[in-house]
Amino acid sequence: MKPRGGYNIRVAGRPAGAVEALPEPDTLYLPLRSRRFNFSEICVKDGERCGPGHAIAKDPENYFVPLLAPRAGTVRLDAVEGHIVLEDVAKLPEETYHPDDDLPHVPKDLGSSGMKRYKLLALGAWQFLHDAHTNALPDPFDTPSAVIASTIRLEPFLARGDVQVRKRLVNFTRGLEHLQALLEYQPIHLILPEVDSDLASRVRDTLRGHAWVNITYVPLRYPFDNFALLARGLGLKYDANSPVWAINSEGILAMDRALTMSHPCTVRLISLGGPAVDEPKHLKAMPGYPIRAIIDPRTSSESIRVLNGGGLTGDTVLEDQLGLDAECTGLTVLPEHTEREFLGFVRPGSDRRSYSRCFLSTLRAPAAERLTTALKGERRPCVSCNFCEEVCPAGIMPHLIHKLLYQDELEQAELTRIDLCVECGLCSFVCPSKIDLRREFIDGKQLIQEELHSEEVEA
Ligand code: SF4
Ligand code: SF4
């Protein structure tokens, strides 16, 4: 695949390959919301003792996908707003699958493939699937037109896909076979990095003879791991009746765990990265794990900002979120830099890298830059440098859309295909004027939907 745009971002603070297991917690704080889910249907009572893997809440808007208790614990419903708290947490032997768990969306007489999908939903593995074009959770009983299985993750500072596959290639292959068993004849597009690596050749050797897997190589430039871009690059068009499913390495391993061992998927591999972390690494963590207990012992910076997710698309973790949410892929910790740089843009920048190559640092050997939350200068009007258009993988003109949105020209913004934006944030990252283009486009798309298309939805 030869995608356009993209950028190889060099920043300090990426996690190394080692994986650390966190100590067992005393209390878990499970947020009732995550990026895609709102677990509004509570399935437990205050004071009840629940076992590991039990569904404590469900999201009725998303096929009743469950929020599972990662450990045994005593339920507190009103202790912290927006959370289910589990106290006196204990690590008990994992119970195997309960086929009678009530998932109202799912009819149970569906044959082998249907029962597998039901099991994946009940055991917390279905939530690793995405609609490649919309990012929504796919309907468990839809038939996809194809599946994208990606082994790469490129956003700084998220958990790399190869860390998970490296030691569990057998489980990964078996997970792919389980995935294929859910399909009829649809292809699985396996995404591998376009580099000569020991892992890539081991994966190739292992999958030799699996005719249903099409291997596609992708350059290691951000954001070529984005599911919507991969679908476009593979020529897989959007069709609401026959969606393209997408899943990453962790999801394939979760499928193996659920369907081979019948165990719930309650532990995730997350990254802890960013320049404010003393030793960036990968962590085995469970939803609800106290965020402060992860970060405080691992940073010596006094003033920090924590992002739920990667450095370009992560959302700031608010004070009232106490534990990791059910979809957390990593925590990014940046030093909070509140000083304003006087005339920062006229400094020679011997310690500053930039896409513009206009600083002195361009003359020395490439080195990873230490990011902070500072803007490095004032936010300024667009200077028409065109950098955002050069890197944009969607092939649109971010600077033009920015100007149209600024003038409230929503129809024109729509005609210039703001809808193709995959919200990767690369344009904001390279913009020398520090314009938050990504945020503008997320809000702009929503505004266009509300102002120009609300009647279509009502009709
Ligand atoms: S316009 Fe959208 S797709 Fe293009 S670089 Fe910006 S955020 Fe990414
Ligand atoms: S990168 Fe920023 S300053 Fe340059 S053209 Fe794009 S919006 Fe304008």
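Conventions and cut-offs
Residues numbered from 1 in each chain as written. Chains lettered and ligands numbered in written order. Predicted model: local features only at pLDDT ≥ 70, side-chain atom pairs only at ≥ 80, totals over all residues. Heavy atoms only, no water. Buried < 20%, exposed > 50% of the residue type's maximum accessible area, 1.4 Å probe, protein only. Helix = DSSP H or I, 4+ residues; strand = E, 2+ residues; numbered from the N terminus. Phe/Tyr/Trp six-rings, centres within 6.5 Å; stacked < 30°, edge-to-face > 60°. Pairing = 2+ DSSP bridges. Near = heavy atom within 4 Å. Nonpolar A, V, L, I, M, F, W, Y, C, P; charged D, E, K, R; others polar. Core = buried A, V, L, I, M, F, W, Y, C linked by side-chain atoms within 4.5 Å. Contact = heavy atoms within 4.5 Å.

1. Observations concerning helix α9 (residues 398-406)
Where α9 is concerned, the buried positions are P398, H399, I401, H402, L404 and L405. Following α9 by one or two positions, D408 adopts a phi angle in the positive range, close to 65°.

2. Observations concerning the packing of aromatic side chains
Scanning all chains against the criterion turns up three aromatic pairs. A centroid spacing of 6.5 Å and a plane angle of 45° characterise the contact between Y7 and F429, whose relative ring orientation is tilted. Pair noted here: Y7 is in the segment before β1 (19-21) and F429 is in helix α11 (residues 426-430), with a separation of 422 residues, a long-range link. For Y7, a relative accessible area of 21% puts it in the partly exposed group. Seen from their ring centres, W126 and W245 are 5.3 Å apart, and the 85° between their planes marks the pair as edge-to-face. Of this pair, W126 sits in the loop between α1 (111-122) and β9 (130-131) while W245 sits in strand β13 (residues 244-248), placing them 119 residues apart in sequence. Across the pair, exposure class does not vary: W126 and W245 are buried alike.

3. Considering the pairing of strand β5 (residues 55-59)
Counting buried positions over the five residues of β5 gives four, a clear majority of the element. Both strand β3 (residues 41-42) and β5 contribute to a ladder of two bridges, which runs antiparallel. Paired with I42 across the strands is A57, a residue of β5. Pairing of β5 with strand β6 (residues 65-68), which is carried by four bridges, proceeds in the antiparallel orientation. The residue of β6 that forms the bridge with K58 is P66.

4. Considerations on unusual backbone geometry
Going from P156 to F157, the amide bond is cis rather than trans, its omega being 15°. Summarising the element assignment, F157 is placed in the loop between β10 (146-150) and α2 (161-166). Residue P223 is bonded to the preceding Y222 through a cis peptide linkage, with omega at 0°. Along the chain, P223 turns up in the loop between β12 (213-218) and α5 (227-233). The phi torsion at S384 lies on the positive side, around 55°, for a residue other than glycine. Positive phi values are uncommon outside glycine, yet R417 reaches one of about 65°. Examined against the element boundaries, R417 turns out to sit in the loop between α10 (410-415) and α11. Look at R417 and you get partly exposed, because its relative accessible area is 40%.

5. Here we look at the site of ligand 1
For ligand 1, the full set of nearby residues is C392, P393, A394, I396, P398, C421, V422, E423, C424, G425, C427 and F441. Classifying every residue of the shell around ligand 1 by side-chain character gives ten nonpolar, one polar and one charged.

6. Considering the nonpolar core
Ranked by internal contacts, the top residues of the largest apolar core, which has 69 residues, are L176, L190, L324 and L331. If one sorts the elements of this core by residue count, helix α6 (residues 249-261) sits on top with six residues. Contacts of L324, omitting those with residues within four sequence positions, involve Y29, P31, I270, A285, M286, P287, G288, Y289, I291, I294 and L331. Membership of the second largest hydrophobic core comes to 29 residues, among which are A132, A146, I148 and L312.

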